[in-house]
Amino acid sequence: LSPHPVANAASLRDLPQRLGGWSSSGPTVPPGRWWEGADDEAFRVFVCPGYEPIEASIAWYAVQQQGRELVNHRVNALSRLSSTTSVHLGSGQSADINLVRGKLGGRERIGLFWYEIDGHIVAKGETAKLLTFWHSLRWRRNDGLIVVLLSDPGDPEARQLEGLKELSAQLHAALAR
């Protein structure tokens, strides 16, 4: 029983340009493919007064298979530099996601990343793999996405982390629509 591809309700490129107090000038195009085999990708740079710009990269898979996987070698550098943090999603809900601190691409960065499987936020790659495997068996679907937010640390770094968490909650709500 192999999983069936799931149709995405809307392209990730159609994400709103304004999320709360954050705005983007629209989709940006990075060189080459960002996430191997993704069915849809979006890249934005969000700005908000008082914070460093935040680069948002999102990749979605309609179906995963060998060589086209949500959790793959590209996330290893992020995982090595990450710890878990909590983000408030609104209406009393919160979720654990990954907080990244360290040198990426030759410069100091701070960021957040997580997976979304069937609308549920998942921090760890191992959990994302198990959840997609379970969905494959139960509902014959294993679609999912990864969201990566990165920025310069800012001064103070704690303030930039507040901005990252605020944008992550806004982005999660926009992806759920």
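Residues numbered from 1 in each chain as written. Predicted model: local features only at pLDDT ≥ 70, side-chain atom pairs only at ≥ 80, totals over all residues. Heavy atoms only, no water.

Enquirer: Even after reading the chapter, I still don't get the overall build of the protein chain, so can you show me in this structure?
Expert: What the protein chain contains, in helices and strands, is 3 helices and 9 strands. Relative to its 177 residues, the protein chain shows a buried fraction of 45%. The contacts of the protein chain with a sequence gap of at least 6 include a subset with a gap of at least 24, amounting to 63%. Total accessible area on the protein chain is roughly 9200 Å²; 52% of this is exposed by carbon and sulfur atoms. (Helix = DSSP H or I, 4+ residues; strand = E, 2+ residues; numbered from the N terminus. Buried < 20%, exposed > 50% of the residue type's maximum accessible area, 1.4 Å probe, protein only. Contact = heavy atoms within 4.5 Å. Areas by Shrake-Rupley, 256 points an atom, 1.4 Å probe, with all protein chains shown as cover.)

Enquirer: What am I meant to see in the nonpolar core here?
Expert: Most often, soluble globular proteins keep nonpolar side chains buried together rather than apart. Counting 30 residues, the largest nonpolar core has Ile58, Val147, Leu149, Leu171 and Leu175 as its most contacted members. Looking at this core, the elements that each hand over two or more residues are β3 (40-47), β4 (54-61), β6 (93-104), β7 (107-117), β9 (144-151) and α3 (157-176). Of the residues forming this core, the biggest block, 6 residues, is contributed by α3. Not counting residues up to four positions away in its chain, the partners in contact with Leu175 are Leu12, Leu15, Ile58, Glu116, Leu145 and Val147. With 17 residues, the next largest nonpolar core counts Leu70, Val100, Leu104 and Leu150 among its residues. (Core = buried A, V, L, I, M, F, W, Y, C linked by side-chain atoms within 4.5 Å.)

Enquirer: Looking at this model, I keep getting lost on the packing of aromatic side chains. Mind explaining?
Expert: Pairs of aromatic rings are described using the distance from one ring centre to the other and the angle between the two planes. A full pass over the atoms with the stated rule returns 2 aromatic pairs. Each ring, one from Trp22 and one from Tyr51, has its centre 5.2 Å from the other, and the planes form 35°; the classification is tilted. Of this pair, Trp22 sits in strand β2 (residues 22-24) while Tyr51 sits in the loop between β3 and β4; the two residues are 29 residues apart in sequence, bridging distant segments of the chain. In terms of burial, Trp22 and Tyr51 fall into one category: buried. (Phe/Tyr/Trp six-rings, centres within 6.5 Å; stacked < 30°, edge-to-face > 60°.)

Enquirer: Help me understand the side chain of His172, please; the structure alone is not making it clear to me.
Expert: Along the chain, His172 turns up in helix α3. In this structure His172 comes out as buried when scored by relative accessible area, which is 13%. Ignoring sequence-local partners within four residues, the contact set of His172 consists of Leu89, Glu116, Gly119 and Ile121.

Enquirer: Got a minute to help me understand the pattern of salt bridges in this structure?
Expert: When the charged atoms of two side chains with opposite charge come close together, those side chains can pair. Summed over the entire model, instances satisfying the criterion amount to 6 salt bridges. Ionic pairing is found between Arg13 and Asp40, a salt bridge with its closest N-O pair at 3.2 Å. Highlighted residues: Arg13 in the segment before β1 (18-19) and Asp40 in strand β3, separated in sequence by 27 residues. Its relative accessible area of 46% is what places Arg13 among the partly exposed residues. Here Arg107 makes a salt bridge to Asp152, at a shortest N to O gap of 2.9 Å. Note that Arg107 is positioned in strand β7 and Asp152 in the loop between β9 and α3, a separation of 45 residues in sequence. One salt-bridge network, in which partners are shared between bridges, spans Glu55, Arg107, Arg109 and Asp152. (Salt bridge = Lys/Arg side-chain N within 4 Å of Asp/Glu carboxyl O.)

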